[in-house]
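Working through the structure, step by step
Each chain is listed here by its residues.
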Amino acid sequence: MLSLLSRHGPSVHLRAPALARTVAALPRRQAQVADVGKGLDTTTNDIPLLLNSKNAAKSTAPAPIVRPVATAFPQDRDEFWREVPVWQNVSAQDFLSYRWSVTKLFKFLQAVVPEEVPLNEAGTEMQTRDEFIADVMEGVAAATMAIRMTPYILSRVNWKDPRHDPIIRQFLPLKSVLIPDHPKLTLDSLHEEADSPVKGLVHRYDDKALFLPTSVCPTYCMFCTRSYAVGADTDTVTKASLKPTRKRWEEAFTYIENTPALQDIVVSGGDSYYLQPEQLTMIGERLISMPNIKRFRFASKGLAVAPTRVLDESDGWVNALIDISNKAKKAGKAVAWHTHFNHPNEISWISKEASQKLFEEGVMVRNQTVLLRGVNDDVDTMSKLIRDLADNKVFPYYVYQCDMVERVEHLRTPLQTILDLEARIRGSIAGFMMPQFVVDLPGGGGKRLACSYESYDQKTGLSTYRAPAVTGRDKENKLYEYYDPIDTLPKDSAA
């Protein structure tokens, strides 16, 4: 179903003739727009570790530790979600519940988008609600990623001007803004599958591996570097799904245990927010028990798109993370949460209090931002994001050049943009809060400082890099290439 939103919204039926063709096409896109609520049903999980909602009441397990909500902030907690018309009567208690029910995207857009919205940024041209929704649905059909957005992130959108909202630009595709791909764009631009000795484990650096226990996220980014695997199949992509099966996980754990050089594991996906607390605990304890593993991180966008889960004491995910962090420290090992904020508008008092709670509990949180055209590619926005994160004890870690994945040409920037941003921002904030501006090299070269290129021709848009520390699979002395978006090249070069 086209499912995203709260049950509190009214049922809005589509009547506009202009949308008839789009509506008729919706059934075949059923799996393309994901339902968060269904994903939270643990009865469908292939890993038999969990207590689902039907048998939780019968559990004899000890009650979870109840930790107080952070209190470092004044009590000016505006109920910003009430500005969304369908959520005017939603209480804070409901909104802060991670398991808040969901309904359909199509009905939601009909309910919240005004009769007319700005077509251009100046607001001198307008388009109707039906035209905007038709543009979205055509974008859904063209996208490589399924559509999933949490109530929290939807409540941070400026629905009076959705076409130009930086959050909509990241998560909701508009067909009219898509532009033709550069011919070098691919679904798996980082060659992760080629660098996977076992399914769902990417081993590129000698001492570090990426473990992908699941291919599901609470919110899907249009620019996902793992669009070859993450989320439901779309009209354009059949996914190489990474289902959370015990057999696959055991194969990954066995490889890690039998590879002494490995010291650092990133647990991602998908998104580790989609792991149930017992799964998070099992993975964490397994990694702690391995003598060769010194560090591991859980990668999750959850703090940015569903911070309510951190504050929701009825959900055990964050307590499991805190407990694993403490167990790791006692074992002399380091654990961190790597999250993913891209714009200051994603930050609210809820995310601030969630960050404060994690800070008080001693959980290290770092942020990885992706540089996106029309979202955060100007100095003021990127500077504010970095400072807001630092002020909330979330350490800015990386700013990534957008990967060369399909259907995101409209979001990619020239290399010169990231070079200019770093040059202008460096020195404006303490060095330990200054992120590294990097390119994750196409072809599996790993992360390199954007400014460390061997050559960069702005006329052709071609930049080249070497990665001496990344070897294997014929990578010795390999020259890696990154290409600027075609539409940003000088006209004579693009021709």
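For the protein, an unreviewed UniProt entry supplies the name L-lysine 2,3-aminomutase and the organism Apiosordaria backusii. Its UniProt record, at the heading Cofactor (unreviewed entry), says of the protein: "pyridoxal 5'-phosphate".

Structural notes on the overall build of the protein
Helix and strand counts for the protein stand at 16 helices and 14 strands. Across the 495 residues in the protein, those meeting the buried criterion constitute 56%. Surface summary for the protein: the accessible area is close to 20,600 Å², and the carbon and sulfur share equals 51%.

Topic: unusual backbone geometry
The phi torsion of most residues other than glycine is negative, and most of the peptide bonds are trans. That bond from G269 to G270 is cis: its omega, 25 degrees, falls within 30 degrees of zero. Among the structural elements, G270 can be located in the loop between β5 (264-267) and α9 (277-289). For K393, which is not a glycine, the phi torsion comes out positive at approximately 60 degrees. Residue position: K393 is located in the loop between α14 (379-391) and β9 (395-401). For R473, which is not a glycine, the phi torsion comes out positive at approximately 50 degrees. Structurally, R473 is set in the loop between β13 (462-465) and β14 (480-483). According to the relative accessible area criterion, R473 is partly exposed, its value standing at 37%.

Digging into the side chain of K239
On the secondary structure map, K239 appears in the loop between β4 (208-211) and α8 (246-257). Although K239 is buried, it forms no salt bridge, and the closest oppositely charged side chain is D233 at an N-O distance of 6.8 Å. Among the polar contacts listed, one links the side chain of K239 to the backbone oxygen of S227, at a separation of 2.8 Å. If near-sequence neighbours (up to four positions away) are discounted, K239 is found in contact with T144, M145, S227, Y228, A229, V230, G231, A232, D233 and T234.

Comments concerning the packing of α9 against helix α12 (residues 317-330)
The geometry of α9 relative to α12 is characterised by a closest axis approach of 8 Å and an angle of 10 degrees between their N-to-C directions. Between α9 and α12, the crossing angle belongs to the class labelled roughly parallel. Contacts between α9 and α12 pair P277, L280, T281, G284, E285 and I288 from the former with W317, A320, L321, I324, K327 and A328 from the latter. Of the residues contributing to the contact of α9 with α12, the split by class is eight nonpolar, two polar and two charged.

Description of empty space enclosed by the protein
Scanning the entire structure with this criterion turns up six cavities of 30 Å³ or more. Put simply, the parts of the chain that give the lining of the largest cavity at least two residues each are β3 (201-205), β4, β6 (295-299), β7 (334-339), β8 (364-371) and β9. Ranked by residues supplied to the lining of the largest cavity, first place goes to β9 with four residues. For the lining of the largest cavity, a count of residues per class yields 19 nonpolar, eleven polar and ten charged.

Comments concerning the sheet that holds β8
The nine strands lie next to each other as β3-β4-β5-β6-β7-β8-β9-β10-β11, forming an open sheet whose pairing is mixed. The open sheet has two edge strands, β3 and β11 (446-449), and neither has a second partner. Pairwise comparison of adjacent strand axes, ignoring direction, gives a mean angle of 30 degrees for this sheet. Of the strand pairs in this sheet, strand β10 (residues 436-441) and β11 are connected by four bridges, and their pairing is antiparallel. When the bridges of β11 are listed, V439 appears paired with R448. Relative to β3, α8 is tilted by about 25 degrees, and along the sheet it contacts β3, β4 and β5.

Looking at the environment of V157
Among the structural elements, V157 can be located in the loop between α6 (151-155) and α7 (166-171). Overall, V157 belongs to the buried group, its relative accessible area being 8%. In this structure the C-alpha to C-alpha distance between V157 and E346, which are 189 residues apart in sequence, comes to 8.8 Å. The contacts of V157, once residues within four sequence positions are left out, are D165, I167 and I168.

Here's the deal with the confidence of the model for the protein
Per-residue confidence for the protein gives a mean pLDDT of 85; residues scoring 70 or more make up 82%. Long-range and interchain partners of residues 1-64, a stretch whose pLDDT sits below 50, account for 130 contacts in this model, where long-range means more than four residues apart.

Brief notes about the sheet that holds strand β12 (residues 455-457)
The strands that make up a sheet are held in pairs by hydrogen bonds between backbone atoms, and each pair lies either parallel or antiparallel. The sheet built from three strands is open, its strands ordered β12-β13-β14 with antiparallel pairing. The strands lining the two open edges of the sheet, one partner per strand, are β12 and β14. Each adjacent strand pair in this sheet contributes to an overall mean axis angle of 15 degrees, direction not counted. Of the pairings in the sheet, the one linking β13 to β14 comprises four bridges and is antiparallel in character. Within the sheet, the bridge partner assigned to L462 lies in β14 and is Y483.

Re the pattern of salt bridges
A complete count under the given rule lists 20 salt bridges for this structure. Of the charged contacts in the structure, one is a salt bridge between E251 and K247, with a shortest N-O distance of 2.8 Å. With E251 and K247 both in helix α8, this residue pair falls four residues apart, about one helical turn. On the basis of relative accessibility, which here comes to 33%, the residue E251 falls in the partly exposed class. Judged by relative accessible area, which is 60%, K247 ranks as exposed. With a shortest N-O distance of 2.5 Å, E285 and K327 are connected by a salt bridge. Here E285, found in helix α9, pairs with K327, found in helix α12; they are 42 residues apart in sequence, far enough to count as distant. Residues participating in the shared-partner salt-bridge network are D195, R204, R473 and K475.

Rules used throughout
- Residues numbered from 1 in each chain as written.
- Predicted model: local features only at pLDDT ≥ 70, side-chain atom pairs only at ≥ 80, totals over all residues.
- Heavy atoms only, no water.
- UniProt positions renumbered as here; feature names shortened; annotations may be inferred.
- Helix = DSSP H or I, 4+ residues; strand = E, 2+ residues; numbered from the N terminus.
- Buried < 20%, exposed > 50% of the residue type's maximum accessible area, 1.4 Å probe, protein only.
- Areas by Shrake-Rupley, 256 points an atom, 1.4 Å probe, with all protein chains shown as cover.
- Lys, Arg positive; Asp, Glu negative; His and termini not counted.
- Salt bridge = Lys/Arg side-chain N within 4 Å of Asp/Glu carboxyl O.
- Polar contact = N/O pair within 3.5 Å; in protein donor to acceptor, adjacent residues only side chain to side chain.
- Contact = heavy atoms within 4.5 Å.
- Axes fitted to C-alpha atoms, helices over the stretch in contact; angles between N-to-C directions.
- Parallel < 35°, antiparallel > 145°, perpendicular 65-115°, else oblique.
- Nonpolar A, V, L, I, M, F, W, Y, C, P; charged D, E, K, R; others polar.
- 1 Å grid on protein atoms, 1.4 Å probe; cavity = no way out; pocket = protein on both sides within 12 Å on 5 of 7 lines; lining within 4 Å.
- Points joined across faces, edges and corners; volume = space filled by probe spheres on them.
- Pairing = 2+ DSSP bridges.
- pLDDT = per-residue confidence, 0-100.

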